[in-house]
Amino acid sequence: MPRIHLITHFPHLDEVALQLVTAVVDVGVDAIQVRAKGATDRELVAWTRAVVSVVRPRGARVLVNDRLDLALAAGADGVHLGSNDLPVADARAMVPAGFLIGATCRDGADAERARADGADYAGVGPVHASTTKIGLPAPIGLGALSAAALALPTIAIGGITAGRVPAVLRAGAHGVAVVAAVWQALDPPRAAKEIVDLVHAA
């Protein structure tokens with residue numbers, strides 16, 4: 001089960017972005033979650049296929065946010081489903097063995113339901129306030145994260161910085177999902193390596 005999920009956040013799905021994805025995988029990021037809200041379906045499938053082609057040989061997995069159909073079309077390794085997306089149980093019935101399904105959860109009850117429906121992990125958050133996605137609910141804090149971790153491997157998301165990694169892991173998280181702490185850094189691979197090292201040191 002991957003422990004460091006880096007969610008894509010690029011203005012353009014181009015060769016420069018692909019090189020950055022490759023660089024962060026080379027320092028130990030083991031899952032790339034493809035999120036490209038402004039892209040067309042065709043663009044997202046083509047981009048995901050390109051990401052798969054460069055990161056899978058390096059041992060990382062590729063998941064697509066929200067869209068199971070595009071994840072399957074692109075040959076991704078999994079999908080992360082939000083609360084308004086295709087239900088986890090329906091997704092599980094449609095995918096091949098070994099296909100990863102993550103479910104957005106806010107507490108232990110959500111995680112229990114996700115486990116019963118066939119999710120492999122719970123993306124739990126926002127743990128802290130996030131600067132990269134508008135319209136999010138209030139932060140849940142570390143207590144709710146700990147409760148969810150009793151049901152499923154949890155990936156903490158929302159305001160995750162290097163300084164906050166040790167606390168979320170002590171709260172029971174299996175790993176972290178990161179956006180701004182890496183992509184808004186002056187040196188994204190270096191920022192990613194710091195988080196990788198913290199996760200593996202826990």
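The present account deals with the structure reproduced in this document. (Residues numbered from 1 in each chain as written. Predicted model: local features only at pLDDT ≥ 70, side-chain atom pairs only at ≥ 80, totals over all residues. Heavy atoms only, no water.)

On to the environment of Asp-26. Along the chain, Asp-26 falls in helix α1 (residues 15-26). Each C-alpha atom of the pair Asp-26 and Ala-192 lies 9.9 Å from the other, and the pair is 166 residues apart in sequence. Looking at Asp-26, its side chain comes within polar contact range of the side chain of Arg-58, at 2.7 Å. (Helix = DSSP H or I, 4+ residues; strand = E, 2+ residues; numbered from the N terminus. Polar contact = N/O pair within 3.5 Å; in protein donor to acceptor, adjacent residues only side chain to side chain.)

Within the sequence span of helix α6 (residues 141-149), burial applies to Ala-144, Leu-145 and Ala-148. In an axial view of α6, the angular spread of the buried residues amounts to 105°, which keeps them on one side of the axis. Looking at the buried side of α6, the elements it contacts are α5 (108-117), β6 (121-124), β7 (154-156) and α7 (165-170). (Buried < 20%, exposed > 50% of the residue type's maximum accessible area, 1.4 Å probe, protein only. Arc of directions from axis to C-beta. Contact = heavy atoms within 4.5 Å.)

Taken as a whole and judged by the stated rule, the model has two aromatic pairs. Residues Phe-10 and Trp-47 carry aromatic rings whose centres are separated by 6.0 Å and whose planes lie at 80° to one another, so their mutual orientation is edge-to-face. Here Phe-10, found in the loop between β1 (4-7) and α1, pairs with Trp-47, found in helix α2 (residues 41-55); they are 37 residues apart in sequence, far enough to count as distant. For the pair shown, Phe-10 and Trp-47 are each scored as buried. Aromatic ring contacts, followed pair by pair, group Phe-10, Trp-47 and Trp-183 into a single cluster. (Phe/Tyr/Trp six-rings, centres within 6.5 Å; stacked < 30°, edge-to-face > 60°.)

None of the figures reported here should be taken as evidence of function without further support.
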